[in-house]
Amino acid sequence: MTSLFAAAVFSLALPGGWFAPAAEVKTWSLESLAGLKPLNVKASASSWRGRRAVRLIDEPGEKPDAKSTGGEAIAILTDSSFEDGTIEAEIAGAPREGAREGSRGFVGIAFRVQEDPSRFECFYLRPTNGRSDDQLRRNHSTQYVSEPEFPWHRLRQENPGVYESYVDLEPGAWTKVRIVVEGTQARLYVHDAAQPALVVHDLKHGRTRGRVALWIGQDTDAYFSRLTVR
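Keep in mind that this is a model prediction, so the values were computed, not measured. (Residues numbered from 1 in each chain as written. Predicted model: local features only at pLDDT ≥ 70, side-chain atom pairs only at ≥ 80, totals over all residues. Heavy atoms only, no water.)

Caption draft 1: Structural context of the sheet that holds strand E10 (residues 107-113). Strand order across the open sheet formed by seven strands is E5-E8-E17-E10-E11-E12-E13, with antiparallel pairing between neighbours. Both outer strands of the open sheet, strand E5 (36-39) and strand E13 (164-165), are each paired with one neighbouring strand and no more. (Pairing = 2+ DSSP bridges. Helix = DSSP H or I, 4+ residues; strand = E, 2+ residues; numbered from the N terminus.)

Caption draft 2: Examining the environment of Ala-173 more closely. Mapped onto the elements of the fold, Ala-173 is located in the loop between E13 and strand E14 (175-182). Given a relative accessible area of 12%, Ala-173 falls into the buried group. The spacing of Ala-173 and Pro-127 is 46 residues in sequence and 8.7 Å in space, taken between C-alpha atoms. Ignoring anything within four residues of it in the chain, the contact list for Ala-173 reads Arg-49, Ile-91 and Ala-92. (Buried < 20%, exposed > 50% of the residue type's maximum accessible area, 1.4 Å probe, protein only. Contact = heavy atoms within 4.5 Å.)

Caption draft 3: Just the side chain of Glu-88, in detail. With respect to the element layout, Glu-88 can be found in strand E9 (residues 85-95). A polar contact of 3.2 Å, which involves the side chain of Glu-88, links it to the side chain of Arg-230. (Polar contact = N/O pair within 3.5 Å; in protein donor to acceptor, adjacent residues only side chain to side chain.)

Caption draft 4: A look at the pattern of salt bridges. Across all of its chains, the model carries 21 salt bridges by this definition. Taking the shortest distance from any N to any O, the salt bridge between Arg-119 and Glu-149 comes out at 2.7 Å. Placement of Arg-119 in the loop between E10 and strand E11 (120-125) and of Glu-149 in the loop between strand E12 (142-147) and helix H3 (152-158) is noted, with a sequence separation of 30 residues between them. Linking Arg-131 and Asp-168 is a salt bridge whose minimum nitrogen-to-oxygen distance equals 2.8 Å. Within this pair, whereas Arg-131 is found in the loop between E11 and helix H2 (135-138), its partner Asp-168 is found in the loop between E13 and E14, the two being separated by 37 residues in sequence. Through salt bridges with shared partners, a single network forms among Glu-83, Asp-84, Arg-112, Arg-207 and Arg-209. (Salt bridge = Lys/Arg side-chain N within 4 Å of Asp/Glu carboxyl O.)

Caption draft 5: Summary view of the layout of surface pockets. There is about 540 Å³ of room inside the largest pocket. Residue lining of the largest pocket: 28 residues in total, with Phe-106, Tyr-124, Trp-152, Gly-217 and Gln-218 positioned closest to the centre. Where the lining of the largest pocket is concerned, the elements lending two or more residues are H3 and strand E17 (211-216). Sort the elements by how many residues they give to the lining of the largest pocket and H3 lands first, with three residues. In the lining of the largest pocket, the residues fall into eight nonpolar, eight polar and twelve charged. Of the voids in this model, the second largest pocket is the one considered here, and its volume is about 200 Å³. (1 Å grid on protein atoms, 1.4 Å probe; cavity = no way out; pocket = protein on both sides within 12 Å on 5 of 7 lines; lining within 4 Å. Points joined across faces, edges and corners; volume = space filled by probe spheres on them. Nonpolar A, V, L, I, M, F, W, Y, C, P; charged D, E, K, R; others polar.)

Caption draft 6: Quick peek at empty space enclosed by the protein. Following the criterion strictly, the structure yields two cavities of 30 Å³ or more and no others. Residue lining of the largest cavity: Ile-91, Ala-92, Gly-93, Val-107, Leu-125, Pro-127, Leu-169, Glu-170, Gly-172, Ala-173 and Thr-175, and that is the complete set. The element that contributes the greatest number of residues to the lining of the largest cavity is E9, accounting for three residues. Residues that form the lining of the largest cavity fall into these classes: seven nonpolar, three polar and one charged. When its volume is computed, the second largest cavity comes out at roughly 40 Å³. As for the second largest cavity, its lining consists of Ile-91, Val-107, Gly-108, Ile-109, Phe-123, Tyr-124, Leu-125, Val-177, Ile-179 and Leu-188. Elements represented by at least two residues in the lining of the second largest cavity include exactly E10, E11 and E14. Grouping the amino acids of the lining of the second largest cavity by side-chain chemistry returns nine nonpolar, one polar and no charged.

All we've got here are geometric facts, nothing functional implied.
Shown next as structure tokens:
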């Protein structure tokens, strides 16, 4: 089975019998590294909890791509193109073996990744926060960032609580995420919920087009399966 396949483009009937193309749907099975460009991260084809997946792990040591990417650990879907629409994926993340204290298992999806791959929008999860006994940590379970100008710490300092929120998470568990983007607004849905866990009304890069990428944070061991863009 190939790691990349696309669904057909559908048509919608219009008055008078005319037809117009509807949204294109494209799916990556993520069973191999085909079509992926890893930057600052170790990537491999693997399996996790009963399914084949792409594994990304942030290992200590020098990262050769760090200077050109701002140090962000991503794997770009090279033939993706995304401005507005929906991204769905199954993701799982936890702190890697030997991770430093305070690691959260950061895992997410970057979108509108520019030719300069240090520039992108991103939603991610902090799986170890979801069931913490510390309520403040629980409130930091999801996060929006806009790299490189608006990392999490700047957003938290300037707008506490606006770009992050609580959602129930379990480290290492497969978690379905859905990102809906329109213009400068984006919503993150988790676990097939009808309502978003996090709403952003002011995407910091404005209205742009770019690629989609798998994203992990520091000291993370993560898995990604079946990503769809529509």
